[in-house]
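# Chains, contacts and geometry: an overview
One letter stands for each residue in the lines below.
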Amino acid sequence: MAKRAPTPCRYPGCAEVLATPGYCDRHRVAVHRDYGRARRGFDTELGFYKSGQWRAVRAAFLRQHPVCSVCAAFGRVVAAVVVDHVVPVKDGGARFDAANLQALCVTCHNRKTAQETARKR
Ligand SMILES: [Zn+2]
Ligand SMILES: [Zn+2]
């Protein structure tokens, strides 16, 4: 049996040398914990958007606000298809409060999502 060459921990900047490729004990735990946290947040959010209550609120809001509110501010009349949370749910925004909702067209919603993503990185 060939003896395995020691490899460094895969965690960036870690100086730990291991007998088998991967993470050292400390970083194996950290990496798994981060992964679990991201996953849980994602599932909670997804479950909310699939919920019957959200679908009902969303449908009612679109009936009352059939036009994209961002486009309307620029004098354009574009059919709204997305009900967006002004303060995102994952940042603690109110889920069913009309004051935290806005009707958007796909273009405006994609732009807002891209801006939010860019701000976080
Ligand atoms: Zn390490
Ligand atoms: Zn728009």
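Presented here is an overview of the structure given in this document.

Rules behind the numbers
- Chains are numbered independently. Their residues run from 1 in the order of the written sequence.
- In the order they appear in the text, chains get letters beginning with A and ligands get numbers beginning with 1.
- Note on the predicted model: pLDDT of at least 70 is required for a residue's local features to be given, and 80 or more for side-chain atom pairs to be given and counted; whole-chain, interface and lining totals, by contrast, use all residues.
- Each helix corresponds to a stretch of at least 4 residues labelled H or I by DSSP, and each strand to a stretch of at least 2 residues labelled E; elements are numbered beginning at the N terminus.
- Burial is judged by counting the other C-beta atoms within 10 Å of a residue's own C-beta: 20 or more makes it buried, 12 or fewer makes it exposed, and any count in between marks it as partly exposed, with every C-beta position built from the backbone.
- The contact criterion used here is simple: two residues whose C-beta atoms, placed from the backbone, lie within 7 Å are in contact.
- One requirement defines pairing of two strands: DSSP has to find at least two bridges between them.
- Only buried residues count toward a nonpolar core: Ala, Val, Leu, Ile, Met, Phe, Trp, Tyr and Cys, linked into one set through C-beta atoms within 7 Å.

### With respect to the overall build of the protein chain
- A count of helices and strands for the protein chain gives four helices and four strands.
- Traced from its N-terminal end to its C-terminal end, the protein chain shows the element sequence β-β-α-α-α-β-β-α.
- Evaluated residue by residue, the protein chain yields a buried proportion of 7% over its 121 residues.
- Of all intrachain contacts in the protein chain linking residues separated by at least 6 positions in sequence, the fraction that spans at least 24 positions is 39%.

### Considerations on the environment of Val 83
- Structurally, Val 83 is set in strand S3 (residues 82-85).
- For Val 83, a count of 20 C-beta atoms within 10 Å gives the class buried.
- Sequence spacing of Val 83 and Cys 68 is 15 residues, and the spatial spacing of their C-alpha atoms is 9.3 Å.
- If we skip the residues at most four places from it in the chain, Val 83 touches Arg 58, Phe 61, Leu 62, Leu 101 and Ala 103.

### Points about the pairing of strand S4 (residues 101-104)
- Because side chains alternate across S4, one face comprises the buried residues Leu 101 and Ala 103, and the other comprises Gln 102 and Leu 104, equally buried.
- Pairing of S3 with S4, which is carried by four bridges, proceeds in the antiparallel orientation. In the sheet register, Val 82 faces S4, and the bridge partner there is Leu 104.

### Let's talk about the environment of Cys 68
- Tracing the sequence through the fold places Cys 68 in the loop between helix H2 (52-64) and helix H3 (69-73).
- Sequence spacing of Cys 68 and Ala 103 is 35 residues, and the spatial spacing of their C-alpha atoms is 5.3 Å.
- Setting aside anything within four residues of it in sequence, one finds Cys 68 in contact with Val 78, Ala 80, Ala 103, Leu 104, Cys 105 and Cys 108.

### Comments concerning the environment of Glu 16
- Tracing the backbone through its elements, the reader meets Glu 16 in the loop between strand S1 (7-8) and strand S2 (17-18).
- In this structure the C-alpha to C-alpha distance between Glu 16 and Arg 26, which are 10 residues apart in sequence, comes to 9.7 Å.
- When near neighbours in sequence (up to four residues on either side) are disregarded, Glu 16 contacts Pro 8, Cys 9 and Cys 24.

### With respect to the nonpolar core
- Cys 68, Ala 80, Val 83, Leu 101, Ala 103, Leu 104, Cys 105 and Cys 108 together form the largest nonpolar core, which totals eight residues.
- The element that contributes the greatest number of residues to this core is S4, accounting for three residues.

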